[in-house]
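# Descriptive structure summary
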Amino acid sequence: MGSASDSWLREFSEAAKLADDITARISERNSLPASGPDTQRHLSAIRRKITILGTRLDSLESLLPKLPSKQPITEKEMLKRQDMLVNLRSKSNQMASALSMSNAANREYLLGKDKKTADDISRTVGLDNHGHVGLQRQIMKEQDEGLEKLEETVISTKHIALAVNEELDLHTRLLDNLDQHVDSTDSRLQRVQKKLAFLNKRTKGGCSCMCLLLAVVGIVILIVVIWALIKYL
């Protein structure tokens, strides 16, 4: 098989790995609380991955009919890949259904089930108007308690988001201060380098003058010695 078919198989392999990852995450869901920020983040990650998997499967499905025109491929191989794609699509749909059932369970946990079962109906048997009113108030109270739990979860998530935002703001300010200190240090370093260069230049100039002065003194002494030798010899 050529490069085109190999490319399709590589993409299918990546999609299959993503499906395995989603399956593992759905299994991990059972070890998390029924509700809470961690659970919500976990479910959001699963939903995002299922969406990505669906996009990849759509791409693979659109590329499959084009393979024979790009690279020779047998009819048997084409049917095999169609079956692979159908099986993976079925697995993706099953995972999406499992996630939906998990979300429904969360809503039932938070809000209470929408009960119209035989047990619920039996609660109304033998009740007069006053009893019906009391039962309705009890059901409303249970729903209110569920809504309060949901509100607590939302508030907790909001506090976490605010804390993360404050942390990001702090890091941003620290980075800005660090940039300012780096710029200030760089400016000071440049000034020091200029001063050192100027001092080095002056030092070299002073050395040259001293050497010239010593050379002149040496010449004068040499002339005096020669003059004395000529005079007294």
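Residues numbered from 1 in each chain as written. Predicted model: local features only at pLDDT ≥ 70, side-chain atom pairs only at ≥ 80, totals over all residues. Heavy atoms only, no water.

## Description of the overall build of the protein
Secondary structure summary: the protein contains 6 helices and 0 strands in total. The N-to-C order of helical and strand elements in the protein reads α-α-α-α-α-α. Residues classed as buried in the protein amount to 18% of the 233 residues present. Surface exposure of the protein reaches about 17600 Å², of which carbon and sulfur atoms provide 60%. (Helix = DSSP H or I, 4+ residues; strand = E, 2+ residues; numbered from the N terminus. Buried < 20%, exposed > 50% of the residue type's maximum accessible area, 1.4 Å probe, protein only. Areas by Shrake-Rupley, 256 points an atom, 1.4 Å probe, with all protein chains shown as cover.)

## So, the nonpolar core
Within the largest apolar cluster, 20 residues are counted, with the highest numbers of intra-cluster contacts made by Ile22, Leu53, Leu60 and Met95. Of all the secondary structure elements, the ones that give two or more residues to this core are α1 (3-28), α2 (37-63) and α4 (75-111). Considering every element that reaches this core, the biggest residue donor is α1, with 7 residues. Leave out the neighbours within four places in its chain, and Leu60 touches Trp8, Glu11, Phe12, Ala15 and Leu85. (Core = buried A, V, L, I, M, F, W, Y, C linked by side-chain atoms within 4.5 Å. Contact = heavy atoms within 4.5 Å.)

## Some words on the environment of Ser92
Structurally, the position occupied by Ser92 is in helix α4. Given a relative accessible area of 6%, Ser92 falls into the buried group. C-alpha of Ser92 to C-alpha of Ile50: the two residues are 42 residues apart in sequence and 7.1 Å apart in space.

## Quick word on a negative patch on the surface
Residues Glu142, Asp144, Glu145, Glu148, Glu151 and Glu152 make up a contiguous surface patch of negative charge. On the secondary structure map, Glu148 appears in helix α6 (residues 129-232). (Patch = residues over 30% accessible without salt bridge, like charges linked within 9 Å, V, L, I, M, F, W, Y side chains within 5 Å. Salt bridge = Lys/Arg side-chain N within 4 Å of Asp/Glu carboxyl O. Lys, Arg positive; Asp, Glu negative; His and termini not counted. Charge placed at Lys NZ, Arg CZ, Asp CG, Glu CD.)

## Observations regarding the packing of aromatic side chains
This model, assessed by the stated rule, comprises 1 aromatic pair. Arranged with centres 5.6 Å apart and planes meeting at 10°, the rings of Trp8 and Phe12 form a pair that is stacked. Separated by 4 residues within a single helix, Trp8 and Phe12 lie in helix α1, roughly one turn from each other. For the pair Trp8 and Phe12, a shared accessibility class is recorded, and that class is buried. (Phe/Tyr/Trp six-rings, centres within 6.5 Å; stacked < 30°, edge-to-face > 60°.)

## Some details on the pattern of salt bridges
According to the stated counting rule, one finds 7 salt bridges in the structure shown. Across the pair Asp21 and Arg25 runs a salt bridge, and its minimum N-O distance is 3.4 Å. With Asp21 and Arg25 both in helix α1 and 4 residues apart, the pair spans about one turn of that helix. When its relative accessible area of 25% is taken as the criterion, Arg25 is described as partly exposed. A salt bridge links Arg81 to Glu77; its shortest N-O distance comes to 2.7 Å. Residue Arg81 and its partner Glu77 are both found in helix α4; the two are separated by 4 residues, about one turn of the helix. Like Glu77, Arg81 is buried. Bridged by salt links that share partners, the residues Asp21, Arg25 and Lys49 form one connected network.

## With respect to the confidence of the model for the protein
In the predicted model, the protein carries a mean pLDDT of 75, and 71% of its residues have values of at least 70. Within the protein, the lowest mean pLDDT, 52, falls on helix α5 (residues 118-123), and the highest, 89, falls on α2. Taken as a whole, residues 113-118 scores under 50 in pLDDT and shows 3 contacts with residues more than four places along the chain or in a different chain. (pLDDT = per-residue confidence, 0-100.)

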